[in-house]
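Observations on the model geometry
Chain by chain, the residues run as shown.
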There are 2 protein chains.
Amino acid sequence: MKFKKILVTGFDKSNLDENVWKRINKLTNHVVLQPSNDVDCLFSRFNKVDKELINSLPSLKYIGLLATGTGTVDLDHAKRKKIVVCNIPGYATESVAEWVFGLILDHIRELKRAKQIARKGDFTGNGFSATEILNKKFGIIGLGRIGQRVAKIAQGFGAHVSYWSRNRKKNAEKEGIKYESIDNIVKTSDFISLHGLTTKETEGILDAKRLNTVKPGAVIVNVCGMEQVVIPALEKRLKKGDFTFILDHPDEMKPEDVKRLSKYKNCIIYPPIGFVSQEARVLKQDIFVSNMINYLKGIPINKVN
Amino acid sequence: MKFKKILVTGFDKSNLDENVWKRINKLTNHVVLQPSNDVDCLFSRFNKVDKELINSLPSLKYIGLLATGTGTVDLDHAKRKKIVVCNIPGYATESVAEWVFGLILDHIRELKRAKQIARKGDFTGNGFSATEILNKKFGIIGLGRIGQRVAKIAQGFGAHVSYWSRNRKKNAEKEGIKYESIDNIVKTSDFISLHGLTTKETEGILDAKRLNTVKPGAVIVNVCGMEQVVIPALEKRLKKGDFTFILDHPDEMKPEDVKRLSKYKNCIIYPPIGFVSQEARVLKQDIFVSNMINYLKGIPINKVN
């Protein structure tokens, strides 16, 4: 079984490695960039795949997403038309988990300033201090794939790790990761890292009430979307200057919100590059092609609708 | 038992916290900054305590070093005069071990550049790539206290950890840390971290022959002195531009050597601030005072001569 024709939208040749295109070319005789009536497979990344686009492709059977997020696709409409949609979950787990510790260590060890003064020839190290991760309380909100890897790495550093998640994770608890209420985690942790999906339950989970209880000196890392944080409440607490908030999804925020938070020295903003490891890129492409092969075999995996 | 008079050299009041001075004041009635005949206790940090200084203090019984290194003190001469010298080993183990991962992550995740472009409002993340620590080979040369903590943290990241050390460490091997020859470690590791003491055996341990075998893409971190590295050989290999060397003791190098290495983008230089954590500072001072108390009790610990 092969696809008749693949339509590529939302990305270009460079988003997939050459050897991956070779594998894809074995699954079809036609890869095109313009819609046509015989397109039965659609590639998409972050672009909108709405009712209109779907309806314009009468032969469409399969949508392959080169991404984890599915919010760009009208999943219900695809389902009604019996079109299978597959995404790529979990490919960047390790890349993001290690990134979190980069963000934390950069902050607590002042790596940027250290490198700058060394470049100027100042090797005294005067005025530097740091805090250790060893024996600190490390709270994880959302213990999915990434949260679990963050927990494991934090344990390597000798931190005491607690978590809250929608569901209890007994296996993790056997490994010494303690379940606690969100309120407790926010109030008592030295480091807090957010890794839950944004749902009705987690939207605005860091609200004024909770943010006010954060320990002075604590570091909060949010590599999820900022929907889980009430921005005006965060700004109010940042003003006190007694804790640090690190985020890496300014691209998904309202520009005026980014601007407001940028004013605060204790709010550190990174671009959204947690997922960029070479290993994640290879894995992502591999899952992308495997999804196609499995669909063609009639046993689709990573189906999201 | 108390000291008659303590002479402080090589540091000032600010190097010890107030509560520590309080504890010290219980151990003597006189803390002075000028030598005199009845000084029986000498405080020193990185300053020279040579034959001349020792001979100028006829009542001297005890030298308390606020440091780990003892190279500044004429230990033999002190021994001949039955003066006990105590140092502070291991206080910064965790601080240095965590620092090593800060240096590695800053490099492999380009944290500095990421923060800079985000500050300019570029949130695309274009052009960033990274490598993961997971499943990489992490070689440790010198498996003392710090090396063992680095090994443990690397295991948390999911690296395969090997070590070479003067003596086999069976306990570490039981924890999955594999013993290998230096040659093998240098040749096959993705990350190499140096943690051995500089002895005749380890001086120049990274010589031209070994440096030439380092894997392209490898990252070497040296938070020990640079005596273990043959600088001209390092420079030659740096020129090839295919690996990265990170060091943090430029203060102990010849200025012309620092200058030579600074030219290379793939040689990253930090000031010597691995030890600066607050926790290390508290522990250091605590050991410093404990050393004095134990000496006065007649059961000296951390005696180095």
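Placed above this text is the structure.
My aim in this report is to walk through the structure given alongside it, one point at a time.

Our focus in this paragraph is the side chain of S162(A). Mapped onto the fold, S162(A) is located in strand β7 (residues 160-164). At a separation of 2.6 Å, a polar atom in the side chain of S162(A) contacts the side chain of E180(A).

So, on to helix α10 (residues 231-239) of chain B. Residue and element names in this part refer to chain B. Taken together, the buried positions of α10 are occupied by I231, A233, L234, E235, R237 and L238. Considering only its buried residues, α10 is in contact with α9 (208-211), β11 (244-247), α11 (255-262) and β12 (267-269). Positive phi appears at G241, one or two residues downstream of α10, with a value of about 70°.

Taken residue by residue, the interface counts 49 residues in chain B and 49 residues in chain A. Overall, the association of chain B and chain A removes approximately 4,300 Å² of surface from exposure, summing both partners, and the carbon and sulfur fraction of that is 63%. The three residues of chain B that bury the most area against chain A are R109(B), K115(B) and F123(B), which together make up 17% of that side's buried surface. Counting every contact that joins chain B to chain A gives four salt bridges. Where E279(B) meets K136(A), a salt bridge forms, and the shortest distance between an N and an O atom there is 2.4 Å.

Attention now moves to the relation of the copies chain B and chain A. Mapping chain B onto chain A is achieved by rotating through 180° and translating by 0.0 Å along the same axis, at an RMSD of 0.1 Å. Between the two chains, the operation in question is that of a two-fold axis. Residue G156(B), judged by its C-alpha, is the member of chain B lying nearest the rotation axis, at 2.2 Å. Take the interface residues of chain B: 100% of them recur as interface residues in chain A, which is what a same-surface contact looks like.

This next bit is on the sheet that holds β12(B). All names here are of chain B. One open sheet accounts for seven strands, arranged β8-β7-β6-β9-β10-β11-β12; its pairing is parallel. Each edge of the open sheet carries a strand with a single partner, namely β8 (178-179) and β12. Of the strand pairs in this sheet, strand β10 (residues 219-222) and β11 are connected by four bridges, and their pairing is parallel. Bridge pairing links V219 to T244 in β11.

All names here are of chain B. The side-chain alternation of strand β4 (residues 62-65) yields two buried faces, one formed by Y62 and G64 and the other by I63 and L65. Where strand β3 (residues 41-44) and β4 come together, four bridges link them in parallel fashion. When the bridges of β4 are listed, S44 appears paired with L65. Across three bridges, β4 lies against strand β5 (residues 84-86) in parallel orientation. Bridged to G64 within β5 is C86.

Cut-offs and rules
Residues numbered from 1 in each chain as written. Chains lettered and ligands numbered in written order. Predicted model: local features only at pLDDT ≥ 70, side-chain atom pairs only at ≥ 80, totals over all residues. Heavy atoms only, no water. Helix = DSSP H or I, 4+ residues; strand = E, 2+ residues; numbered from the N terminus. Polar contact = N/O pair within 3.5 Å; in protein donor to acceptor, adjacent residues only side chain to side chain. Buried < 20%, exposed > 50% of the residue type's maximum accessible area, 1.4 Å probe, protein only. Contact = heavy atoms within 4.5 Å. Buried area = accessible area lost by both parts, 1.4 Å probe. Salt bridge = Lys/Arg side-chain N within 4 Å of Asp/Glu carboxyl O. Least-squares fit on C-alpha atoms with pLDDT ≥ 70 in both. Pairing = 2+ DSSP bridges.

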